[in-house]
Amino acid sequence: MTDTGLPGTIRACLFDLDGVVTRTAVVHEAAWKEMFDAFLRERDGEGFRPFTPADYESHVDGRPRADGVRAFLASRGIDLPEGDPDDPPGARTVHGLGNRKNTALLHRIRTDGVEAYDGTLRYIRTVRAAGLGTAIVSSSANCRDVLRAIRAEDLFDARVDAGTAAARGLAGKPAPDTFVAAARDLGVTPAEAAVFEDALAGMEAGRAGGFGFVVGVDRTGHRDALYAHGADLVVGDLAELPGPPP
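## Things to note about the state of the cysteines
Consideration 1: Inspection of every chain in the model, using the stated rule, returns zero disulfides.
Consideration 2: Take Cys-13: it sits in no disulfide, and the sulfur closest to it among the cysteines is that of Cys-143, at 16 Å.
Consideration 3: Under the relative-accessibility criterion, Cys-143 is labelled buried at 0%.

Right, dumping it as structure tokens:
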């Protein structure tokens, strides 16, 4: 291991956004619950079965928005038309529900703001000082705006987000495509890159892509699941890895 806590073969670090760099994973989960509970209440009445934390972890967390909608609906045996990406939030389509979720998310972000994990920002500065490349890899369509809000856009040499994935035809997590694309953008192979993720789908993407090291960030007490899904190391915060003191 080097003074970054990573194997000496690692030349680049690929960071997920929500839950790793920013404290927005809980905001995303709340927005998903708000949207799905409203939809299920409209569909099934007051006796509906609510969206749960287990639903979020199993079907939604880390996935592109439309994929999360599809996966959750399939888990409940609900079939909706795909619709179009620009469907209004009130449309009873996959994309309409996804856009309703995004509306709820943006409202919460505007109301409550965005916070960064200071330990992550310090660690990113550490690996950059050690000469490693850095990329942000997110399923979010709001990635760039969030990075600007926390003044962290200049900490990354490359960005692969929902817009990038759509433009390049990349499959979302748990497929490794977005991480592989980020490694390529940094001029390294997957074996020379470390993945930093908090979602089980991200762990699976790291394992499927043959990345050199996969770090799980356990913010919610599912350390064992992160290891089971492909983590080489699990930490509660990146401040636990080597770097300058706070």
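Right, picking up where we left off after that structure.
## Brief notes about the sheet that holds strand 5 (residues 213-217)
Consideration 1: Strand order in the open sheet formed by six strands is 3-2-1-4-5-6, and the pairing between neighbours is parallel. If you trace the sheet from one side to the other, it starts and ends with strand 3 (158-160) and strand 6 (233-235), each paired once. Averaged over neighbouring strand pairs, the angle between their axes works out to 20° when direction is ignored.
Consideration 2: With four bridges joining them, strand 4 (residues 193-197) and strand 5 adopt parallel strand pairing. Paired with Phe-196 across the bridge in strand 5 is Val-215.
Consideration 3: Of the strands in this sheet, strand 1 (12-15), strand 2 (133-137) and strand 4 touch helix 5 (residues 118-129), which is tilted by about 155° from strand 1.

## Topic: the nonpolar core
Consideration 1: Counting 29 residues, the largest nonpolar core has Leu-6, Phe-15, Val-21, Phe-196 and Leu-238 as its most contacted members.
Consideration 2: At the level of secondary structure, the elements contributing two or more residues to this core comprise strand 1, helix 5, helix 6 (143-149), strand 4 and strand 5.
Consideration 3: It is helix 5 that provides the largest number of residues to this core, a total of four residues.
Consideration 4: Not counting residues up to four positions away in its chain, the partners in contact with Phe-196 are Leu-6, Cys-13, Leu-14, Phe-15, Asp-16, Val-20, Tyr-123, Val-215, Leu-238 and Leu-241.

## Some details on the environment of Thr-120
Consideration 1: Take Thr-120: it is sitting in helix 5.
Consideration 2: For Thr-120, a relative accessible area of 0% translates into the label buried.
Consideration 3: Residues Thr-120 and Arg-100, spaced 20 residues apart in sequence, show a C-alpha to C-alpha distance of 30 Å.
Consideration 4: With residues up to four places along the chain from it excluded, the contact list for Thr-120 reads Val-20, Val-21, Arg-219, Asp-237 and Leu-238.

## Here we look at the pairing of strand 5
Consideration 1: Taken across its five residues, strand 5 has five buried, putting it largely inside the fold.
Consideration 2: The alternating pattern of strand 5 places Phe-213, Val-215 and Val-217 and Val-214 and Gly-216 on opposite faces, both of which are buried.
Consideration 3: For the handedness criterion, the β-α-β arrangement of strand 4, helix 9 (residues 200-208) and strand 5 is classed as right-handed.
Consideration 4: Taken together, the three bridges between strand 5 and strand 6 define a ladder with parallel strand orientation. Its bridge partner being in strand 6, Gly-216 is matched across the sheet by Val-234.
Consideration 5: Following the chain from strand 5 across helix 10 (residues 223-228) to the adjacent parallel strand 6, one finds a crossover that is right-handed.

Scoring rules and cut-offs
- Residues numbered from 1 in each chain as written.
- Predicted model: local features only at pLDDT ≥ 70, side-chain atom pairs only at ≥ 80, totals over all residues.
- Heavy atoms only, no water.
- Disulfide = S-S within 2.5 Å.
- Buried < 20%, exposed > 50% of the residue type's maximum accessible area, 1.4 Å probe, protein only.
- Pairing = 2+ DSSP bridges.
- Helix = DSSP H or I, 4+ residues; strand = E, 2+ residues; numbered from the N terminus.
- Axes fitted to C-alpha atoms, helices over the stretch in contact; angles between N-to-C directions.
- Contact = heavy atoms within 4.5 Å.
- Core = buried A, V, L, I, M, F, W, Y, C linked by side-chain atoms within 4.5 Å.
- Right-handed = clockwise from strand over helix to strand, strands pointing away.

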